[in-house]
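This is what each chain is made of:
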Amino acid sequence: NAEIIQYIENIHIEPEDKSYSDCLNESIKCHHNGVAQYFLDNFIKKDSHDLFNQALKFYNFAFLENEHIEKSAFFELCKYDYSTFVNYLMKSESIDVNEHKEKTASYVAVEKENIEIVKLLLMNDKTDFNIPFLYENMQSKEANGHEIEDEESIDHKETKTAFYVAIEKENI
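We now turn to the structure provided with this report. What you see is a predicted model, and the numbers here were worked out from it, not measured in a lab.

## Description of the overall build of the protein
Helix and strand counts for the protein come out as 9 helices and 4 strands. For the protein, the N- to C-terminal ordering of α and β elements is α-α-α-α-α-α-α-α-β-β-β-β-α. Considering the protein as a whole, with its 172 residues, one finds that 34% of them fall into the buried category. Roughly 11,500 Å² of accessible area belongs to the protein as shown, and the carbon and sulfur atoms make up 47% of that amount.

Rendered as structure tokens:
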């Protein structure tokens with residue numbers, strides 16, 4: 001792998017984004033850890049929090065660092081179904097389970113059907129599954145069963161709670 005990268009460097013081929021960030025993310029996603037480390041060592045000054053989130057997203061444990069498993073990562077841990085870490089944090093840290101920017105941990109766990117996470121959150125008396133969020137759904141516009149080409153989609157916006165989404169997904 002290193003030889004291929006060095007060959008590409010020698011013939012001066014650069015990625016489109018010139019930052020090698022997409023290359024790093026793809027190598028983390030595919031668990032090409034040697035390649036990912038090469039990009040980190042030679043091209044990228046990557047924020048360790050971003051790197052941690054990418055590693056969580058793609059279950060690449062080589063880039064999960066213990067110091068990042070803390071309450072600031074609680075939402076991402078719920079989102080990517082890390083029930084062991086969520087359980088640990090809920091027992092050891094003062095976690096605000098209802099803290100949110102776009103969504104709460106309970107909403108994203110229900111949305112992604114992370115059942116073990118939902119069970120853990122249900123055991124916490126402070127979890128509120130009825131906090132409303134704006135839900136956006138892109139749907140294709142159709143007429144007489146055929147998709148209309150000049151207007152590709154319509155935005156449907158409505159307010160939903162985690163409890164409502166669970167009912168929609170028939171998980172209650």
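## A look at the packing of helix H6 (residues 83-92) against helix H8 (residues 115-122)
Here H6 crosses H8 at 15°, and the two axes come no closer than 9 Å. With respect to their mutual orientation, H6 and H8 come out roughly parallel. Judged by the twist between their axes, the crossing of H6 over H8 is right-handed. Here Ser83, Val86, Asn87 and Met90 of H6 come into contact with H8, specifically with Glu116, Ile117, Leu120 and Leu121. In the contact of H6 with H8, the residues fall into 5 nonpolar, 2 polar and 1 charged.

## Details of the pattern of salt bridges
Under the definition given, this model contains 4 salt bridges. For Lys103, the salt bridge identified is with Glu111, shortest N-O distance 2.7 Å. Its relative accessible area of 24% is what places Lys103 among the partly exposed residues. We note a salt bridge from Glu116 to Lys119, for which the minimum N-O separation is 3.5 Å. Linking Glu116 with Lys119, this pair stays in helix H8, spanning 3 residues, or about one helical turn. Given the relative accessible area of 46%, Lys119 is considered partly exposed.

## Details of the packing of aromatic side chains
Two aromatic rings, taken as a pair, are described by how far apart their centres are and by the angle between their planes. Enumeration over the complete set of coordinates arrives at 9 aromatic pairs. Measuring from centroid to centroid gives 5.8 Å for Tyr20 and Phe39, while their planes differ by 35°, and the two rings are tilted. Of this pair, Tyr20 sits in the loop between helix H1 (2-10) and helix H2 (21-29) while Phe39 sits in helix H3 (residues 33-42); the two residues are 19 residues apart in sequence, bridging distant segments of the chain. Residue class for Tyr20 comes out buried when judged on its relative accessible area of 12%. Through a chain of ring-to-ring contacts, three or more aromatic side chains come together here, namely Tyr20, Tyr38, Phe39 and Phe43.

## Topic: the side chain of Asn53
You can see Asn53 is positioned in helix H4 (residues 48-57). Judged by relative accessible area, Asn53 falls into the buried class, the value being 17%. Setting aside chain neighbours within four positions, we find Asn53 in contact with Glu76 and Tyr80.

## Structural notes on the side chain of Ser27
For Ser27, the location among the structural elements is in helix H2. Under the relative-accessibility criterion, Ser27 is labelled buried at 4%. Discounting chain neighbours no more than four positions away, the residues touching Ser27 are His32, Val35, Ala36 and Phe39.

What counts as what
Residues numbered from 1 in each chain as written. Predicted model: local features only at pLDDT ≥ 70, side-chain atom pairs only at ≥ 80, totals over all residues. Heavy atoms only, no water. Helix = DSSP H or I, 4+ residues; strand = E, 2+ residues; numbered from the N terminus. Buried < 20%, exposed > 50% of the residue type's maximum accessible area, 1.4 Å probe, protein only. Areas by Shrake-Rupley, 256 points an atom, 1.4 Å probe, with all protein chains shown as cover. Axes fitted to C-alpha atoms, helices over the stretch in contact; angles between N-to-C directions. Parallel < 35°, antiparallel > 145°, perpendicular 65-115°, else oblique. Left-handed = near helix turned anticlockwise from the far one by under 90°. Contact = heavy atoms within 4.5 Å. Nonpolar A, V, L, I, M, F, W, Y, C, P; charged D, E, K, R; others polar. Salt bridge = Lys/Arg side-chain N within 4 Å of Asp/Glu carboxyl O. Phe/Tyr/Trp six-rings, centres within 6.5 Å; stacked < 30°, edge-to-face > 60°.

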